[in-house]
Protein chains: 4
Amino acid sequence: MVSYEADKPRDECGIFGIFSHHDSAAHAALGLHSLQHRGQEATGIVTHDGRQFHAHRGLGQVGENFGSQDVIDSLRGTSAIGHVRYSTSGETILRNVQPLFADLAFGGFTVAHNGNLTNGYSLRQELVNQGCIFHTTMDTEVIIHLVATSSQKTVIDRMVEALYQCVGAYSLIAMTEDLLIGVRDPLGVRPLVLGILDGAYVLASETCALDIIGASYMRDIEPGEMAVISSSGVKSINPFAPEKSRFCIFEYIYFARPDSAINGIGVYNARKRIGAELAREAPVEADVVVPVPDSGVPAAIGFASESKIAFELGIIRNHYVGRTFIEPSQQIRHLGVRLKHSANRSELKGKRVILVDDSIVRGTTSTKIVEMVRDAGASQVHMRIASPPTEYSCFYGVDTPHRDELLAANLDLEQMKRAIGVDSLAYISMDGLYRAMTGHNRSSTEPQYCDACFSGDYPIELADNDSGNLPAQLSLLAEQR
Amino acid sequence: MVSYEADKPRDECGIFGIFSHHDSAAHAALGLHSLQHRGQEATGIVTHDGRQFHAHRGLGQVGENFGSQDVIDSLRGTSAIGHVRYSTSGETILRNVQPLFADLAFGGFTVAHNGNLTNGYSLRQELVNQGCIFHTTMDTEVIIHLVATSSQKTVIDRMVEALYQCVGAYSLIAMTEDLLIGVRDPLGVRPLVLGILDGAYVLASETCALDIIGASYMRDIEPGEMAVISSSGVKSINPFAPEKSRFCIFEYIYFARPDSAINGIGVYNARKRIGAELAREAPVEADVVVPVPDSGVPAAIGFASESKIAFELGIIRNHYVGRTFIEPSQQIRHLGVRLKHSANRSELKGKRVILVDDSIVRGTTSTKIVEMVRDAGASQVHMRIASPPTEYSCFYGVDTPHRDELLAANLDLEQMKRAIGVDSLAYISMDGLYRAMTGHNRSSTEPQYCDACFSGDYPIELADNDSGNLPAQLSLLAEQR
Amino acid sequence: MVSYEADKPRDECGIFGIFSHHDSAAHAALGLHSLQHRGQEATGIVTHDGRQFHAHRGLGQVGENFGSQDVIDSLRGTSAIGHVRYSTSGETILRNVQPLFADLAFGGFTVAHNGNLTNGYSLRQELVNQGCIFHTTMDTEVIIHLVATSSQKTVIDRMVEALYQCVGAYSLIAMTEDLLIGVRDPLGVRPLVLGILDGAYVLASETCALDIIGASYMRDIEPGEMAVISSSGVKSINPFAPEKSRFCIFEYIYFARPDSAINGIGVYNARKRIGAELAREAPVEADVVVPVPDSGVPAAIGFASESKIAFELGIIRNHYVGRTFIEPSQQIRHLGVRLKHSANRSELKGKRVILVDDSIVRGTTSTKIVEMVRDAGASQVHMRIASPPTEYSCFYGVDTPHRDELLAANLDLEQMKRAIGVDSLAYISMDGLYRAMTGHNRSSTEPQYCDACFSGDYPIELADNDSGNLPAQLSLLAEQR
Amino acid sequence: MVSYEADKPRDECGIFGIFSHHDSAAHAALGLHSLQHRGQEATGIVTHDGRQFHAHRGLGQVGENFGSQDVIDSLRGTSAIGHVRYSTSGETILRNVQPLFADLAFGGFTVAHNGNLTNGYSLRQELVNQGCIFHTTMDTEVIIHLVATSSQKTVIDRMVEALYQCVGAYSLIAMTEDLLIGVRDPLGVRPLVLGILDGAYVLASETCALDIIGASYMRDIEPGEMAVISSSGVKSINPFAPEKSRFCIFEYIYFARPDSAINGIGVYNARKRIGAELAREAPVEADVVVPVPDSGVPAAIGFASESKIAFELGIIRNHYVGRTFIEPSQQIRHLGVRLKHSANRSELKGKRVILVDDSIVRGTTSTKIVEMVRDAGASQVHMRIASPPTEYSCFYGVDTPHRDELLAANLDLEQMKRAIGVDSLAYISMDGLYRAMTGHNRSSTEPQYCDACFSGDYPIELADNDSGNLPAQLSLLAEQR
């Protein structure tokens, strides 16, 4: 597979839930479709029809799995939860596709999860020793077993007891026969919003999932909040000790869709402001500002507007690169990036070009893009990055390479400049990023966001990782389907 | 689907295991292929390579799932167990395909099961109340949870503790990291044999699975025996109080392959003897003895030989009826049976025909076969059945219709004769059947076989059934894949 | 693929046509299903609805392609022709699937063909030189181009002109907007019968295709006859000079279905008579007569009946060997034949066995069968073959190996006996075969049948072959789909 | 399927050829991939290896069909031609996929075609009457039959004779055993360029296909030129009387890729100039210029730059809408457009918005886009279209609706404004368009381009259309595969 995004961090999940709507499965499918950028490898929906749960899951995208009326019709009921995923923990085999479902003593229970439990492996080992049988390698199943074996009576008490034992970053949507429950971890690292459509409550990772179904945005679920939706409305429970929010700043930089708003801040606008700040911090004389499509576009517009240099689509993205194209020959491998992007030769020839991108991870694609731009005749190429250098891995639900593979963890700025082959290279500063987002510098005592991938300041304990006993594989079973 | 066998009882499973052979997965695939008549809806193999378990499962036949070298190569290891199945309990969705596997506290554990637990549902309810999460609707999973939650130390002690709680008919093959274990229920209702190939022990439902891989038959596993195969050989454990064998007599009549031998008795030969006894009990003047192919052939040969009436293939079976042929039109539905069978017109025209079949369940196919034979010009049609009337449902791992649908449970002989449209109809008597099998009449005090489907004499308690609390469906989840 | 039939000659085609029946496509599908033994690699149906032709073709069996009501419904119209095929001439790619269709100057024209033109390649070269464009590698297309470029007016005159130029063995069914036409070559080498159903005329390769749809057999189409079916009934044209019939005797021996009758002679009965004659010609003292299933069964019944030796199913055929099973491992390749057949050990052990088969081509399978029977404990194995030695290739529409690969063309009887590993080997004599079929020895001046595969006496000129300019490949195009 | 592009004209084809390059098939696949915007329904490649032609064709995109190394390896040889297509003439069944191939008297001949013969149907009828058999419904096959039946000797003379008979707009690439031939129709309506890679000549519809493989652009093939590429180089033949070029202006407006250059004019730059001219012709006070993505982006950048109004991505395109998504429910059908586009709410709320699009065909999508923008809170919506009103159908190889469905053919500007629901609506004028392209107004005597879709001035005779005898369907055969 040839994928430019192969050199981006990958968010692992998007989640969606809707309660008491006559057309729940269709709306869940639409909502998940709008969250497709958060995970394209697998998807699932579970509904409840008052008597029975119905599930459909599959590898691939939402449209491939929920595009037929037959499938939607089979997902009967007025409540639904759904999930799209990449595969940070757990290989992508069919039974690792969420939402997970279990018949528990109190009835059916199903969960969709975005994030990562940093003590998931230790919890799993304890549960297996008690006689629990795991069927997936996902830490979502840890939560279900904790709920199943809880000594509490009600499902809410069981969930609270279960989550007390969990350490990590998570946004969850759970569904029982009569409840829809949304939870964010105490620091609120991953997003979750509440909306309403025709009187039916909706939970979703991002506001774009509300927009697509025509729902109104009500509010973001608070860090540490458990929102319990039932036929009598929404009830908020705050089982954890209050803590200051540390929302993932990379959601603003790259993960979230530009048309979403998080905590009231429009993502597209945030990116433009970051681009403008970058133009102030790292100006350079040039003829054109060219975004690396598509994620670099808003920052490039901001940069161009602030610098008064013309914004041009100097790189064209090919929309027809599906997931199946394999580079057709060894001899032409170096042409790979051109399957997905092409240089707009007449706009680049003889020009001094400022390339704007949101981030650099391994640097592999950046190098090829720059080479392509030079081949098209650019006289100078200046790279501007709308985030600080990515030096640390994420353990909170984002798939980043090991530090060994992160360009900025291994080279200094001058070395990176040469590696990528540009005339100049600049990243926005950490304080510049915070100013663009909040108007203030980063608070070193109470940072306003989680920025561990830039700073190495991990706000949640990395329990399994620090104990060093993470296994190569969670299950003894290597399964083919 | 058009299937003549639709009107036969259906055995639900065949099982196979091999220990310490360099080519275990390939031999398991071959063994299962020879047991394909015991289940065609799904199949699976689990192997162990000394470190890790490998599994491959799929819907459909053995050749469809294990026909490629890639799949066989991926099933690394020197031990393997496998399964073919119909679907008595549990709908056929992929995760209901055996062998089941679980990571337990002591390591990996995998089980393949032929039979039915008559208290499976009650056990399941107790386990769910303890916090166990079920992922299938099969009672095989009940056994695994009993082993997982057992307070015993060794896997053997855990299995014994688990099986003490189980009531039912079962032959099991289990595999751990260093053991292969074969068990038959205390009455030995379902078959299981032990063989040896190049020093490697083999367990299988029938001897035909030994023949195909070139293994030597050693002996049948005893009723109530647990045979534990390890690197130090076979060790027999007899955890249950001794009881007299009640092997399923229908295995001889229909289920087992004609080239298998059970307890030293060749199945083909048993069927011929039954046919000969039937000829003595219910003679009739006629021109030809015609088997209903293919299951009626051995009994027809026995009948023809005893009666000195010519044996002829008056009905030809079409070998090209796959599972995909749908009757192509409403108007020609009555021709359905002809997709699978055709009358050999020149051998039937003007003849007095004795049709020999092994059993009648609903009678639907018999009626159509007789009509086809008459259409071809037979002057008389006499039906002879090589088993007593099937009046009762089986609860021991065989898929029979409810009594309401059993022809012999609802009509007397004369009514059946008219319903099927024959000039005469006779079944072998119960004592005749036993004489053909054993040389003696049926012992009313200690019957030599389980014949509950004919007699209603159920040798194992029907716990769930008698308690009347069997649910319409075991799981709250209706899943699509 | 493991296929026992791999060592049989393969007929290349079955054809079917029906005129003016409201349910034509469904009946064509049924008829083709009953002709499936004549070709399993591809199938097609073309219908005409009074205005337009409709076609559906596909690789694989009839049920796989015509099993859904949707497909049948799409084949609108009251006339239909259909085809099943092996691939003697022309690789099996989709566009080589018959019936072929063409829009000609007079309207649509579609043809299904069983046989082989022995001057097909020369005709093709001439046509290409005239500017004709071929889209298949089948000689059926030669016929269509001859009709298309004919200077005659009516389609009948065009067909007659076309067939005058063709040399070979063929049975054709053609369809135009208002006609259904059946033709046999002047010697009538390949079969074609006429039947009637509800007043609608039916053409088919064998009577079993009439039986399955409930049609009445009327008569065999005569050698050299062109039967033109229109709304005014059947009109016979005999464009060729009268010749004596030379019907393919191998159709009786192996190709035709046992329940078919050809020229009024039941195929099953013919095979029994051949078996009986063989028992008279080549008797041997033994305990059991065992057929090689399934094709050897009728001859074995005849042999057993004549010899008074017990007929037993000593070899069991496994019905679950689909087309997908690949021998799962190199090490166990010699077990290959056991995927399809198994020895009925208890019926063979210690017995003197007469194995009866219809023919031997390469001898590969026979060798393995004999080895399997010996492994099962047979004390003696005597092979009896219900046809003369197959020493010559067929050029009349049957796929036989080159002479180099025919066992009987390369070894004498004693050598064959040793090669196959039997205690004795006997073939029926040529005269014995003719006596069983006709009551008379073979007429050396006017042989009653085509027996070229035994005698080398080819009744139709082998034009392309004798000219020696047959190309390795007919088309310059190697196509993938 | 939900497709925004459903409301755009659709170009029907892209073509590619390469001569004497060791890696011809891989380069053809890459070249076609870059031409994917010209046709996504089917694709094919034919190669020649000095002895034999190799073909692979399939429905779907290039990556789906040519993404595997196996397929590329099977396409042996140093010359290749390829094709991507929509389906203007001829339904999309597999055998309508180009390049077409035929074995002709002089050897193999294969053709890929972009355009439409306006007398194709009349030619076809004549050819059928001469005995030619057509296998597709494409006029490309007409050309092949004209070549096949030509009385000329050489393939070049045959092609010239054939093209003399053809009327229409076409760019062709043909390949024989030793030649690669590119032809444009006398007016040069459709594009074709010549390039060179490592000494190997390349022909392609657009320069972007040269860029992706790293080939250098040499020149555009001239209107009426036949470029014959052989081992001795390129030889130009001009068989037609000289005429003034009438290249399709819509290629600049919408069809061609923005990074291509046609006749030396960069497409992206042309679109920006058109946008700027539009801003001059139809200014309006507003807060933001928002392109309808993606085709409206360059014109919007030009409009924003000229008008000094901020360019913003107010509409976000969802990249994950594959071809399989079906709107999941009746109730939410009006949300359809949101599967593909979403409003960037925070950039639109309270703003006066100028929407820039390249063209309006039926107007269906425009209406929904405007509604979505208003729902997001825009205070005013002004639509600016970077082409004159589309009032006439194209008959030169572009799939446009019948005039009855063209918005601008049925409504005046005021009516369109109301229908689409905008506050103001303006199209660029015809002269404005020509000025942006050439610096001059349109010449009424010798127009510089073909603009028939705007002007109704058809420069090539519409022979079949004017004769009125175009059939509803070309073939009598309705085929399923």
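Computed from a predicted structure; not experimentally measured.

J.: Explanation requested: helix α10 (residues 297–307) of chain B in the structure shown.
T.: The α-helix winds at 3.6 residues per turn, so residues separated by three or four positions along the chain end up facing the same way. Counting buried positions along α10(B) yields 9 of 11 residues, so the element is predominantly enclosed. Those residues of α10(B) that sit buried are Val297(B), Pro298(B), Ala299(B), Ala300(B), Ile301(B), Gly302(B), Phe303(B), Ala304(B) and Ser307(B). Buried positions along α10(B) lie against α9 (267–281), β18 (288–291), β19 (310–311), β22 (352–357) and β23 (380–385) of chain B together with β19 (310–311) of chain C. Lys308(B) lies just past α10(B) and shows a positive phi near 60°.

J.: In this structure, what is going on with the interface of chain A and chain D? I would like to understand it.
T.: Accessible area lost upon the coming together of the parts is a frequently used measure of interface size. The interface of chain A with chain D comprises 53 residues on the first partner and 53 residues on the second. Those elements giving two or more residues to the side of chain A that touches chain D turn out to be α1 (24–34), α2 (62–66), α3 (69–74), α7 (208–213), α9 (267–281), α10 (297–307), β21 (341–343) and α11 (345–348) of chain A. Looking at which element gives the most residues to the side of chain A that touches chain D, the answer is α1(A), with 5 residues. Of the residues that constitute the side of chain A that touches chain D, the class distribution is 26 nonpolar, 19 polar and 8 charged.

J.: Before we go on, may I ask you to explain unusual backbone geometry in this structure?
T.: Here the residue pair Gln98(B) and Pro99(B) is connected by a cis peptide bond, since its omega of -5° sits within 30 degrees of zero. Positionally, Pro99(B) belongs in the loop between β5 (79–85) and β6 (100–104). Put simply, Pro293(C) and Asp294(C) share a cis peptide bond, and its omega is -10°. Within the secondary structure, Asp294(C) is located in the loop between β18 (288–291) and α10 (297–307).

J.: Help me out: how do you make sense of the relation of the copies chain A and chain D in this one?
T.: One copy of the chain maps onto the second through a rotation about an axis and a displacement along it. Between chain A and chain D, the superposition needs a rotation of 180° and an axial shift of 0.1 Å, giving an RMSD of 0.1 Å. Taken together, the rotation angle and the small translation identify this as a two-fold axis. Judged by C-alpha distance, His319(A) is the residue of chain A that lies nearest the rotation axis, at 3.8 Å. Interface residue correspondence from chain A to chain D reaches 100%, placing this contact among same-surface, isologous pairings.

J.: Just to check I follow, could you spell out the domain arrangement of chain A for this structure?
T.: Residue and element names in this part refer to chain A. Partitioning chain A into domains gives domain 1 (9–246) and domain 2 (266–317 + 332–455). If you average the C-alpha positions of domain 1 and of domain 2, the two centres end up 34 Å apart. Those elements that place two or more of their residues in the side of domain 1 that touches domain 2 are β1 (10–11) and β7 (107–117). Take the side of domain 1 that touches domain 2: its biggest share by element is 3 residues, from β7. Of the residues contributing to the side of domain 1 that touches domain 2, the split by class is 5 nonpolar, 5 polar and 6 charged.

J.: Would you mind showing me how to read the arrangement of the chains here?
T.: There is a clear gap between chain A and chain C: no contact, and 17 Å between their nearest C-alpha atoms. Taking C-alpha atoms only, the smallest gap left between chain B and chain D, which are not in contact, amounts to 17 Å.

J.: What should I look at first to understand the sheet that holds strand β2 (residues 13–18) of chain B in this one?
T.: Backbone-to-backbone hydrogen bonds pair the strands of a sheet. The strands run either parallel or antiparallel. Taking strand neighbours across the sheet as the criterion, the 8 strands line up as β27(A)-β4(B)-β3(B)-β5(B)-β2(B)-β11(B)-β10(B)-β12(B) in an open arrangement whose pairing is mixed. This sheet does not close on itself; its edge strands, each paired only once, are β27 (477–479) of chain A together with β12 (216–220) of chain B. Averaged over all adjacent pairs, the angle separating strand axes in this sheet is 20°, with direction ignored. One ladder, built from 5 bridges, connects strand β10 (residues 193–197) of chain B with strand β11 (residues 200–204) of chain B; its direction is antiparallel. Residue pairing in the sheet places Leu194(B) in a bridge with Leu203(B) of β11(B). Helix α1 (residues 24–34) of chain B contacts β2, β3 (42–48), β5 and β11 of chain B of the sheet and is inclined by roughly 25° relative to β5(B).

J.: Any chance you could explain the interface of chain C and chain D here in plain terms?
T.: The interface of chain C with chain D comprises 33 residues on the first partner and 34 residues on the second. Elements that contribute at least two residues to the side of chain C that touches chain D include exactly β4 (53–59), β6 (100–104), β7 (107–117), α4 (120–129), α5 (139–148) and β27 (477–479) of chain C. Per element, the largest residue contribution to the side of chain C that touches chain D is 6 residues, and it comes from β4(C). Its residues assigned to classes, the side of chain C that touches chain D comprises 14 nonpolar, 14 polar and 5 charged.

J.: Honestly, the pairing of strand β5 (residues 79–85) of chain A in this entry has me stumped. Any pointers?
T.: Successive residues of a regular strand alternate their side chains across the two faces of the sheet. All names here are of chain A. The buried count for β5 comes to 7 of 7 residues, which makes it a mostly enclosed element. In β5, alternate side chains face the same way, and those of Ser79, Ile81, His83 and Arg85 on one face and Ala80, Gly82 and Val84 on the other are all buried. Two strands pair when backbone bridges link them, and strand β2 (residues 13–18) and β5 are joined in this way by 6 bridges, in the antiparallel orientation. When the sheet's bridge partners are listed, cysteine 13 is paired in β5 with arginine 85. As defined by bridge partners, strand β3 (residues 42–48) adjoins β5 across 7 bridges and the pair is classed as antiparallel. Within β5, the residue paired with valine 46 across the bridge is isoleucine 81.

Analysis parameters
Residues numbered from 1 in each chain as written. Chains lettered and ligands numbered in written order. Predicted model: local features only at pLDDT ≥ 70, side-chain atom pairs only at ≥ 80, totals over all residues. Buried ≥ 20, exposed ≤ 12 C-beta atoms within 10 Å, placed from the backbone. Helix = DSSP H or I, 4+ residues; strand = E, 2+ residues; numbered from the N terminus. Contact = placed C-beta atoms within 7 Å. Nonpolar A, V, L, I, M, F, W, Y, C, P; charged D, E, K, R; others polar. Least-squares fit on C-alpha atoms with pLDDT ≥ 70 in both. Domains from an automatic or database assignment. Pairing = 2+ DSSP bridges. Axes fitted to C-alpha atoms, helices over the stretch in contact; angles between N-to-C directions.

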